[in-house]
Structure formats: structure tokens, C-alpha cells
Amino acid sequence: VQLQASGGGLVQAGNSLRLSCVASGRTVSGYAMGWFRQAPEKEREFVGAIGWSGSSLIDSVKDRFTISRDNAKNTVYLQMNSLKPEDTAVYYCALGGGIVTLRRSPNYWGQGTQVTVSS
């Protein structure tokens, strides 16, 4: 499985971005797909995931970000609204057997896409 993320960029605080991640190599409808991020000099952190049982987002983003997927396109999206400078990070998409599994140890990683939010 290969994961290709896109949609990052430079935006001002308060603006929005939508990240996309397309999976190829197999159908992933039965798997959880999600996002992690890594800010400079910080550890990679789980952001959110969506699976057959629902979705999950961390508290710091759940009122601003939305995660969704299109199984027909093997794609997961992260809609990020009201962006803050502290959201600046490299965002990575990931694939796992379920949301809990993905959060603990994804089976597959995509390459990162840089999100920079200026104040």
C-alpha cells in the first residue's frame, strides 16, 4: 500500500486548508485511515482517524478539524479550519486495522505534507 498526501501550504491564522491522502495498491475500505503531525523539535502526535466504527480527533483540534473519507476514491481528508500557528507541522497520513491500532502503530505511513500557519 502506498499513501500519497497533499494539500499542505502556507496560510495565515484563521484560514483553512484541506489535506487529502490517496491510498493505492489495495482497497482500504475496511481499514482505518488517519493523520499524525510532527512539529519542529516535537514528537509525532496522533491527530485523528476514521474507520468503520466512527472517527476520532484529538481535543486540541476537534472543534476546528473534520476528518472524512471517500472509500470509492480510497481517500481520507482532513479539513482544517480556524488554523492556529501551533498547528504548524508536517502532517502524515497513515493506515491501520482500526482506529485504536492506527493510533498505536499504523501499518502504513505516507510521506508528509507541510502545513505552516503564520500569525
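Before reading further, recall that the structure is shown in the block above.
Overview of the structure.

Right, let's get into the nonpolar core. One finds Trp 35, Phe 65, Leu 78, Met 80 and Tyr 91 to be the most contacted residues of the largest nonpolar core, which totals 35 residues. Among the elements that take part in this core, strand β9 (residues 89-96) stands out by supplying 5 residues, more than any other.

Spatially, 4 strands are ordered β1-β3-β8-β7 in an open sheet, and the strand pairing comes out antiparallel. Every interior strand has two partners, whereas the edge strands, β1 (2-6) and β7 (65-70), have only one. Within the sheet, the average angular offset between the axes of one strand and its neighbour, ignoring direction, is 15°. As judged from the 6 bridges shared by strand β3 (residues 17-24) and strand β8 (residues 75-80), these two strands associate in the antiparallel manner. Bridged to Leu 17 within β8 is Met 80.

Our focus in this paragraph is unusual backbone geometry. The residue Glu 41 is not glycine, and still its phi comes out positive at about 65°. Inspection of the secondary structure assignment puts Glu 41 in the loop between β4 (32-38) and β5 (45-51). According to the relative accessible area criterion, Glu 41 is exposed, its value standing at 86%. Positive phi values are uncommon outside glycine, yet Asn 74 reaches one of about 55°.

What follows concerns the sheet that holds strand β6 (residues 54-57). Strand pairing in a sheet takes place through backbone hydrogen bonds and is either antiparallel or parallel in direction. Pairing in this open sheet of 6 strands is mixed, and the strands run β2-β10-β9-β4-β5-β6 from one edge to the other. Each edge of the open sheet is held by one strand with a lone partner, namely β2 (9-12) and β6. Ignoring strand direction, the axes of neighbouring strands in this sheet form an average angle of 25°.

With that settled, consider the state of the cysteines. Within the structure shown, the criterion is met by 1 disulfide. Put simply, Cys 21 and Cys 93 are joined by a disulfide, and their sulfur atoms are 2.2 Å apart. In this structure the cystine formed by Cys 21 and Cys 93 twists about its S-S bond by roughly 55°; its chirality is therefore right-handed. With Cys 21 in strand β3 and Cys 93 in strand β9, the pair connects residues that are 72 residues apart, well separated along the chain. By relative accessible area, Cys 21 is classed as buried at 0%.

The next point concerns the packing of aromatic side chains. Enumeration according to the criterion identifies 3 aromatic pairs in this entry. When the ring of Phe 36 is compared with that of Phe 46, the centres are 5.5 Å apart and the planes differ by 75°; the resulting orientation is edge-to-face. Note that Phe 36 is positioned in strand β4 and Phe 46 in strand β5, a separation of 10 residues in sequence. Among the residues examined, Phe 36 registers a relative accessible area of 6% and is labelled buried. Put simply, the rings of Phe 36, Phe 46, Tyr 92 and Trp 109 touch in pairs and so form one group of aromatic residues. Lying across the ring of Tyr 92, Arg 44 places its NZ or CZ 3.9 Å from the centre. A cation sits over an aromatic face here: Arg 44 above Trp 109, 4.5 Å from the ring centre.

Calculation notes
- Residues numbered from 1 in each chain as written.
- Predicted model: local features only at pLDDT ≥ 70, side-chain atom pairs only at ≥ 80, totals over all residues.
- Heavy atoms only, no water.
- Core = buried A, V, L, I, M, F, W, Y, C linked by side-chain atoms within 4.5 Å.
- Buried < 20%, exposed > 50% of the residue type's maximum accessible area, 1.4 Å probe, protein only.
- Helix = DSSP H or I, 4+ residues; strand = E, 2+ residues; numbered from the N terminus.
- Pairing = 2+ DSSP bridges.
- Axes fitted to C-alpha atoms, helices over the stretch in contact; angles between N-to-C directions.
- Disulfide = S-S within 2.5 Å.
- Phe/Tyr/Trp six-rings, centres within 6.5 Å; stacked < 30°, edge-to-face > 60°.
- Lys NZ or Arg CZ within 6 Å of the ring centre and 35° of its normal.

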